[in-house]
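# Chains, contacts and geometry: an overview
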Amino acid sequence: MELVTMKEMLHKALKEGYAVGHFDIHNLEWTQAALSAAKDENSPIILGVTEEAVRYFGGFSVAVAMVRALLYEMNITIPVALHLDHGSSFENCKAAIDAGFTSVMIDASHHPFEENVKMTQMVVEYAHEREVTVEAELGSIGGCEAGVSVVSKNSIYANLNECVELVKLTGIDALAPALGSAHGPYKGDPKLGIQEMIAISEATHIPLVLHGGSGLPVEQIKQSIASGTAKINVNADNHLAFTNTIRDIFNQDADIYYSDNYIALGREKVKETIKKKIHLFGSAGKA
Ligand SMILES: [Zn+2]
């Protein structure tokens, strides 16, 4: 099956009260793990690629070719969207769309509001002409973006009026309002702004996106879904599952040298992690 956009899968999720998982892919193995987990669970799935991962892969077209080849070889028939995660400029969103991504996020949230609107409008215009979906962000999601940053960003809540304006002025397909979640493992107990989420959802009527879905208490995930969240981004939990598995293997066997053997075990743990998220988000059987 060909890649699809987020449009239908997110509207169905919003209507039926579940969320579609967005899982960042960083290599061949995680892509196999994500597709295999979603196939087993008959769930729609969003594969996210950050700009760092694009550089790691060696280009947008490498990610597209890899995902398309796996869809074919693995007989994937569930809906799969390929989404640029935290696109930082119009140029990068355009490059992703031109290469075959079916969805992009333009993250201009650190710019003044007017500039965020302007950049998002440009991306939406280019994307919608090509039937590609667009996610935008408001406020500031806490933590570090790439797992390597030493500086933690503070979380700044999205402003309700700006959310309404941004949606009205740009025609985006999904909105990520920062409401206390963070990228990377949480330090201390996170507290999401659920009341604010409900208000934004009721005022904008579009699917909301929750970034920093790793390590959030189950209750807050469920409350978010009940409050208009239709897409949840997960990344850190897969890094933890993969890295901890391989670290344990190295600790237990100092002589292991054949890399396929331990990478495959790491891949299996990522798959298990994604399956658990799919159940938690309620998207199993919704393909
Ligand atoms: Zn994010």
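The shown structure was predicted, so the numbers you read here are calculated from the model rather than taken from an experiment. (Residues numbered from 1 in each chain as written. Predicted model: local features only at pLDDT ≥ 70, side-chain atom pairs only at ≥ 80, totals over all residues. Heavy atoms only, no water.)

### Brief notes about the nonpolar core
- Formed by 77 residues in total, the largest nonpolar core has its most connected members in I45, L47, V80, L82, F101, I172 and L175.
- If sequence neighbours within four positions are ignored, F101 has contacts with V49, F60, A63, V64, L82, H83, L84, A96 and V132.
- Judged by nonpolar contacts, the second largest core, of 12 residues, contains L10, Y18, V209 and A230. (Core = buried A, V, L, I, M, F, W, Y, C linked by side-chain atoms within 4.5 Å. Buried < 20%, exposed > 50% of the residue type's maximum accessible area, 1.4 Å probe, protein only. Contact = heavy atoms within 4.5 Å.)

### Some thoughts on the UniProt feature "active site" (unreviewed entry) in the protein
- Under the UniProt annotation, "active site" (unreviewed entry) lies at D85.
- Among the secondary structure elements, D85 is positioned in strand β3 (residues 80-87).
- In this structure D85 touches H22, D24, V49, T50, E51, M105, H211 and N233, once residues within four positions along its chain are discounted. (UniProt positions renumbered as here; feature names shortened; annotations may be inferred. Helix = DSSP H or I, 4+ residues; strand = E, 2+ residues; numbered from the N terminus.)

### Some thoughts on the pairing of strand β2 (residues 45-50)
- By the criterion of burial, β2 is predominantly enclosed, with six of the six residues buried.
- In β2, alternate side chains face the same way, and those of I45, L47 and V49 on one face and I46, G48 and T50 on the other are all buried.
- In terms of strand pairing, strand β1 (residues 20-24) meets β2 through three bridges, oriented parallel. Bridge assignment links H22 to a residue of β2, and that residue is I46.
- After leaving β1, the chain enters helix α2 (residues 28-41) and then returns to the sheet as β2, a path that is right-handed.
- Bridge count between β2 and β3: six bridges; the pairing is parallel. Of the residues in β3, the one forming a bridge with I46 is A81. (Pairing = 2+ DSSP bridges. Right-handed = clockwise from strand over helix to strand, strands pointing away.)

### Structural notes on helix α7 (residues 160-170)
- Among the residues of α7, those classed as buried are C163, L166, V167 and T170. Down the axis of α7, the buried set is contained in an arc of 95 degrees. They therefore lie on one face. Residues of α7 that are exposed and point more than 90 degrees away from the buried face comprise N161 and K168.
- Turning to α7, the residues buried within the fold contact α6 (113-129), β5 (133-138), β7 (174-177) and α8 (194-204).
- Immediately downstream of α7, the backbone of G171 shows phi near 75 degrees, a positive value. (Arc of directions from axis to C-beta.)

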